[in-house]
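# What the coordinates show
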Amino acid sequence: MIDTVNRRIVLAERPQGLPTAKHFRLEEAAVPRPADGQVLLRTLYLSLDPYMRQLMDETAPVYAASVGLGQPMAGGTVSRVAATKHPGFRVGDLVLARAGWQDYAVSNGDDLTPIPPMERPSLALGGLGMTAFTAYVGLLDIGQPKPGETVVVAAAAGAVGAMVGQIAKVKGARVVGIAGGAEKCRFAVEELGFDACLDRHDTRLAGHLDAACPDGVDVYFENVGGPVFDAVFPLLNIGARIPVVGTIAHYNDAAPPPGPDRLPQVMTMVLQKRLRVQGLVILDHYEDRFEAFRRDMQSWVADGRIKLTEDVVDGLQNAPLAFIGLLEGRNLGKLVVRVLP
Ligand SMILES: NC(=O)c1ccc[n+]([C@@H]2O[C@H](COP(=O)([O-])OP(=O)(O)OC[C@H]3O[C@@H](n4cnc5c(N)ncnc54)[C@H](OP(=O)(O)O)[C@@H]3O)[C@@H](O)[C@H]2O)c1
């Protein structure tokens, strides 16, 4: 059954710093009608991801478009085809889409990926989808951990970090996580099998990290930046690899951080320690690497070597607060919104 109303959450105001509820607005509009060659999509699950904060700014990152004021927030979804005027899709098909923060959207099919039948389709957004894929490509293609090496990753109980640590364990590395608080650290060690995990809010983080990495750091999977980077940087070994996928500690910055310009010091260390620092935008890798990821991840999950962790929030209307919570570190595992109960 198709509703008559399309609920959507639009960008009401551009935030300076951390967004609050006033930067979003819940609106009701008519459900769009598919034209010839289009499908109507019903959103089942919406992925909430840190990059969405950058899309709220006027100047978006190089790989994505900024959200216009009054426009629905952008985002990846698991959607069901609710009506079709496209020969390639049938009503009921499940697809990975970019329908955004709304109940319904139309698509001409170009941006849709069919999802095979699965018990928990939301996993196509996280543990079997984009965030785990980012961990896989970043760690294996750039980080290249060898057995016995030390891998450090922050946001260790989050969507990407939890996967980085678990894949590094599969590859025989020693894994030290960093996460926000004791409960997340307990989760990373006891549930995900990390060797150690340290609280990023502890003022003694640098000392604790030094003690937890007696042989230095061979791979630092950079997904946060900020003070965590400062703590890890002196511990990097000669020849260390640093896949850079995100700098969430800076997404709410309204101005460059205060203090002296440390770029010369960082570049000198990159040279002296022969560091390999490489950025990764996961959109670039689907064609070449997704099939290998899918195969490996399915077998690791089936063997019990990797756990898929999700934080599911109910109701589209709760997406803004859940998203703010993500930026504040309140999620445990991949954050998704169940849009259709
Ligand atoms: N390049 C790509 O293609 C790509 C793809 C996916 C994700 N990413 C990036 O990967 C990173 C992790 O994304 P995710 O989806 O896995 O999110 P997530 O880890 O599930 O959630 C974000 C986590 O970041 C941590 N965090 C928030 N503010 C922080 C701060 N000031 N300093 C340190 N940590 C902070 C919080 O964890 P704690 O409180 O536990 O520290 C929070 O739970 C983000 O930077 C994201 O942009 C990049």
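See the structure shown above.
Just so it is clear, the structure is predicted and the values come from calculations on it, not from any experiment.

## Section: the site of the ligand
- Lining the immediate environment of the ligand, one finds 28 residues, of which Val 160, Arg 200, Tyr 251, Leu 280 and Asn 331 sit closest.
- In the environment of the ligand, an oxygen atom lies 2.9 Å from a nitrogen or oxygen atom belonging to the backbone of Ile 282.
- Between the ligand and Asn 331 there is a distance of 2.6 Å, counted from an oxygen atom to a side-chain nitrogen or oxygen.
- Bound to the protein, the ligand loses 92% of the 910 Å² it would expose on its own.
- Mapped onto the shell around the ligand, the elements with two or more residues apiece are α2 (130–143), α3 (159–170) and α9 (319–328).
- It is α2 that provides the largest number of residues to the shell around the ligand, a total of 3 residues.
- Residue composition of the shell around the ligand, grouped by class: 16 nonpolar, 10 polar and 2 charged.

## Things to note about α2
- With 14 residues, α2 extends 18 Å between its outermost C-alpha atoms, agreeing within 8% with the 20 Å of an ideal straight helix rising 1.5 Å per residue.
- In terms of burial, α2 is a largely internal element, 12 of the 14 residues being buried.
- Positive phi appears at Gln 144, one or two residues downstream of α2, with a value of about 45 degrees.

## Some words on the pattern of salt bridges
- Following the criterion strictly, the structure yields 23 salt bridges and no others.
- Residue Lys 22 pairs with Glu 13 through a salt bridge whose shortest N-O separation is 3.5 Å.
- Here Arg 204 and Asp 202 are joined by a salt bridge, their closest N and O atoms 3.0 Å apart.
- Arg 204 gets classed as exposed once you look at its relative accessible area, which sits at 54%.
- Here the salt bridges share partners, and the residues they tie into one network are Glu 183, Arg 186, Glu 190, Glu 191 and Lys 307.

## Notes on the nonpolar core
- The biggest cluster of nonpolar side chains holds 40 residues, and the ones touching the most others in it are Tyr 136, Leu 139, Val 164, Ile 167, Met 297, Trp 300 and Ile 306.
- Taken together, the elements giving at least two residues each to this core come down to α2, β8 (150–153), α3, β9 (174–179), α4 (182–191), β11 (217–221) and α8 (286–302).
- Sort the elements by how many residues they give to this core and α2 lands first, with 8 residues.

## A word on the sheet that holds β9
- Across the sheet, 6 strands lie side by side as β10-β9-β8-β11-β12-β13; this open sheet has parallel pairing. The open sheet has two edge strands with one neighbour each: β10 (196–199) and β13 (276–279). Between one strand axis and the next, the sheet turns by 15 degrees as a mean value, whatever way the strands run.
- Bridge count between β8 and β9: 4 bridges; the pairing is parallel. Bridge pairing in β9 places Thr 150 opposite Arg 174.
- Of the strands in this sheet, β9 and β10 are in contact with α4, which crosses β10 at around 170 degrees.

## With respect to α3
- Helix length check: α3 (12 residues) gives 17 Å between terminal C-alpha atoms against 16 Å at 1.5 Å per residue, within 8%.
- Taking burial as the measure, the 12 residues of α3 include 11 buried ones, the bulk of the element.
- Turning to α3, its buried residues number three or more, namely Ala 159, Val 160, Gly 161, Ala 162, Met 163, Val 164, Gly 165, Gln 166, Ile 167, Ala 168 and Val 170.
- On its buried side, α3 packs onto α2, β8, β9, β11, α8 and β15 (334–338).
- Positive phi appears at Gly 172, one or two residues downstream of α3, with a value of about 85 degrees.

What counts and how
- Residue positions are given per chain, counted from 1 along the sequence in the order it is written.
- In keeping with the predicted nature of the model, local features appear solely for residues at pLDDT of at least 70, side-chain atom pairs appear and are counted solely at 80 or more, and the whole-chain, interface and lining totals rest on all residues.
- In computing side-chain properties, one takes all heavy atoms of the structure into account and sets aside hydrogens as well as water.
- Whether a residue is near a molecule or strand depends on its heavy atoms: if one lies within 4 Å, it is near.
- Polar contacts, as counted here, are pairs of nitrogen or oxygen atoms within 3.5 Å of one another; within protein the pair requires one atom able to donate a hydrogen and one able to accept it, and residues that are adjacent in sequence qualify only if both atoms are side-chain atoms.
- The accessible surface values rely on the Shrake-Rupley method and a 1.4 Å probe; as for residues, cover is taken only from the protein chains in view.
- Secondary structure follows DSSP: runs of H or I at least 4 residues long count as helices, runs of E at least 2 residues long count as strands, and numbering of each begins at the N terminus.
- Each residue gets one label: Ala, Val, Leu, Ile, Met, Phe, Trp, Tyr, Cys and Pro are nonpolar, Asp, Glu, Lys and Arg are charged, and the others, such as Gly, are polar.
- Every helix has an expected span of 1.5 Å times one less than the residues it contains.
- Only protein chains enter the accessibility calculation, which uses a 1.4 Å probe. A residue is then buried if its area is under 20% of the maximum for its type, exposed if over 50%, and partly exposed in between.
- Any carboxyl oxygen of Asp or Glu within 4 Å of a side-chain nitrogen of Lys or Arg constitutes a salt bridge here.
- In these notes, a set of buried Ala, Val, Leu, Ile, Met, Phe, Trp, Tyr and Cys residues joined through side-chain atoms within 4.5 Å is what counts as a nonpolar core.
- In short, DSSP must find at least two bridges between two strands for them to pair.
- Axis geometry follows a simple rule: fit a line to the C-alpha atoms, using only the stretch in contact for helices, then measure angles between N-to-C directions, giving values from 0 to 180 degrees.
- What makes two residues a contact is simply this: any of their non-hydrogen atoms within 4.5 Å.

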